[in-house]
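The lines below spell out each chain.
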Amino acid sequence: MAPGGAKKNILERLDAGEVVLGDGGYLFELEKRGYVKAGPYTPEAASEHPEAVRQLHREFLRAGADVLQTFTFYASDDKLENRGNAPRFTVRSRSSREINRRKITTRSFCFESQGKQINEAACDLAREVADEGGVLVAGGVSQTPSYLSCRSEDEVKAVFMKQVEVFVQKNVDFIIAEYFEHVEEAEWAVQVLKTTGKPTAATLCIGPEGDLNGVAPGDCAVRLVRAGADIVGVNCHFDPVTAVKTVKMMKEGVEKAGLKAHYMVQPLAYHTPDCKRQGFIELFEFPFSLEPRLLTRWDIQKYAREAYDSGIRYIGGCCGFQPYHTRALAEELAEERGFLPAASEKHGTWGSGLEMHTKPWVRARARREYWEKLKPASGRPCCPSMSFPDEWGVTKGDAELMQQKESTTQDQLKVLFEKSATNQ
Ligand SMILES: [Zn+2]
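What you are looking at is a predicted structure, and each value in this text was computed from that prediction instead of being measured. (Residues numbered from 1 in each chain as written. Predicted model: local features only at pLDDT ≥ 70, side-chain atom pairs only at ≥ 80, totals over all residues. Heavy atoms only, no water.)

Looking only at helices and strands, the chain features 19 helices and eight strands. Among the 424 residues that make up the chain, the fraction classed as buried is 53%. In the chain, of all internal contacts separated by at least 6 residues, the share reaching a separation of at least 24 is 77%. (Helix = DSSP H or I, 4+ residues; strand = E, 2+ residues; numbered from the N terminus. Buried < 20%, exposed > 50% of the residue type's maximum accessible area, 1.4 Å probe, protein only. Contact = heavy atoms within 4.5 Å.)

Rendered as structure tokens:
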């Protein structure tokens, strides 16, 4: 929120044409910091390690986020039940406080009350930090295992309702249904969210090819708006270029149907030009070797401008998006928003802080043109720009397909054709 301004709700802000900055990826960042387990990807850290979640909320706030999302991704009771087994070795905690907390939180509650506890703790944390900066709190629900195991619409809706009851009780400012691969499930979520009377956003984790049933982005968006969503778009799974392209397709669909909506985009902070329908999940590097694909702050500025120019006004990030990425959004859109975030006190726009560097060649980099034109190295000797693990059984057909992709290098093609020859 602009310093000193009164707090408007999300729709008032978007209706007034304001840019709203989302926050970034809690799950991936907290996994790297040691508080989330990759695999289940559940958010029990909200109750087990509130200090870790609180700190990350503060960092996104300081970086310029106008919304803090509750750390409730995959916090539905049915997902928490599927969290997997205890570790093979005992995890030794450093402090007796942590041990006590572990005793309290591990297995001593049924999943249902655990779910409630996690959702409540997440709401309290987001609210506490949001109030420090006068920004909005968004409750969040995501796709459920119940939908995949073909449970009924009523059962899936009942699962969402459990989380939504907590969001109402904790008085979040609005609710986001995010990370849905099937538009049908997202429609059900939106219908439940709408019963609260709170503004509702819905983002699918899809690309231009549409949802996993092949429903095109434009049609997905129309269905979500008809289900009652005020804001529609995409999150996760794809890089900003692909995500913005997908939201544009959604916007076209909605406009063609004569409907109205606001648009939202929260992409990965990883480059994914080689991804198909399921996005980064398909990559060989997923999820533990994605670092070379990370977007720079300059990539983010480009993304912010493209999203803005495409008419998207809710602009944020998902997995891989760290606080400095959020700050880059805020810096690119500083004029539109009318202010810079607190974190920019320690960052000169377009590298201007480098004017103070001791080395003259680094001082010479204190300008936009330098960073905008730079093509950063991946920094990994003998690594191609796209991945091909050895065990991949490449066929001649695969190799020919890759040849048609602009992103495939000559070196990669050589390897591919050699491999396809041995595989025949
Ligand atoms: Zn994500």
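Its location among the elements puts His325 in helix H14 (residues 323–332). Once the C-alpha coordinates of His325 and Arg297 are considered, the two residues, 28 residues apart in sequence, prove to be 5.6 Å apart. Apart from the residues lying within four places of it in its own chain, the contact partners of His325 are Ala269, Leu294, Leu295, Thr296, Ile300 and Gly320.

Across all of its chains, the model carries 17 aromatic pairs by this definition. Measuring from centroid to centroid gives 6.4 Å for Tyr270 and Phe280, while their planes differ by 25°, and the two rings are stacked. Highlighted residues: Tyr270 in the loop between strand S7 (262–266) and helix H13 (297–309) and Phe280 in the loop between S7 and H13, separated in sequence by 10 residues. One exposure class covers both Tyr270 and Phe280, and it is buried. Ring-pair connections join several aromatic residues into one group, and the members of that group are Phe28, Tyr41, Tyr270, Phe280 and Phe286. (Phe/Tyr/Trp six-rings, centres within 6.5 Å; stacked < 30°, edge-to-face > 60°.)

Our focus in this paragraph is the UniProt feature "binding site: Zn(2+)" (unreviewed entry) in the chain. In this structure's numbering, the residues bearing the UniProt feature "binding site: Zn(2+)" (unreviewed entry) are Cys236, Cys318 and Cys319. A maximum C-alpha distance of 6.2 Å among these annotated residues, which run over 84 residues, shows that they cluster at one spot. Relative to the helices and strands, Cys236 is located in the loop between strand S6 (231–235) and helix H12 (240–256). When near neighbours in sequence (up to four residues on either side) are disregarded, Cys236 contacts Tyr179, Cys205, Gln266, Pro267, Leu268, Phe280, Cys318 and Cys319. (UniProt positions renumbered as here; feature names shortened; annotations may be inferred.)

Bringing the packing of helix H9 (residues 153–169) against helix H10 (residues 183–194) into the picture now. It is the contact of H9 with H10, at a shortest axis distance of 9 Å, that shows an interaxial angle of 50°. Here H9 is positioned oblique relative to H10, judged by the angle of their axes. Considering only the axes of H9 and H10, their crossing is right-handed. Between H9 and H10, the contacting residues are Glu153, Val156, Lys157, Phe160, Met161 and Val164 on the first element and Glu185, Trp188, Ala189, Gln191, Val192 and Leu193 on the second. (Axes fitted to C-alpha atoms, helices over the stretch in contact; angles between N-to-C directions. Parallel < 35°, antiparallel > 145°, perpendicular 65-115°, else oblique. Left-handed = near helix turned anticlockwise from the far one by under 90°.)

This part takes up the confidence of the model for the chain. Per-residue confidence for the chain gives a mean pLDDT of 91, with 90% of residues at or over 70. Segment residues 103–108: pLDDT under 50, and eight contacts once partners within four positions in sequence are set aside and those in other chains are kept. Our summary of model confidence lists the complex with pTM equal to 0.90 and ipTM equal to 0.99. (pLDDT = per-residue confidence, 0-100.)

The next point concerns the sheet that holds S7. In sheet architecture, strand pairing relies on hydrogen bonds along the backbone and comes in two forms, parallel and antiparallel. With parallel pairing, eight strands are arranged side by side in an open sheet as S1-S8-S7-S6-S5-S4-S3-S2. The open sheet terminates on both sides in strands that have one partner only, identified here as strand S1 (20–21) and strand S2 (67–69). Taken together, the four bridges between strand S3 (residues 136–141) and strand S4 (residues 174–180) define a ladder with parallel strand orientation. By the bridge assignment for S4, Val141 is matched with Ala177. (Pairing = 2+ DSSP bridges.)

The next point concerns helix H4 (residues 50–62). Here H4 spans 18 Å end to end across 13 residues, near enough to the 18 Å set by a 1.5 Å rise per residue. Gly64 lies just past H4 and shows a positive phi near 115°. (Expected span 1.5 Å × (residues − 1).)

The subject of this paragraph is the coordination of the zinc ion. Looking at the zinc ion, the protein donor atoms are Cys236 (SG), Cys318 (SG) and Cys319 (SG), and they sit 2.2 to 2.4 Å from it. Summarised as a motif, the one-chain spacing of the donors to the zinc ion is C-x81-C-C. Of the two residues, Cys236 is situated in the loop between S6 and H12 and Cys318 in the loop between strand S8 (314–315) and H14; the sequence distance between them amounts to 82 residues. Since its relative accessible area comes to 3%, Cys236 is described here as buried. According to the relative accessible area criterion, Cys318 is buried, its value standing at 12%. (Donors = N, O, S within 2.8 Å, 3.2 Å for Na, K, Ca; no water.)

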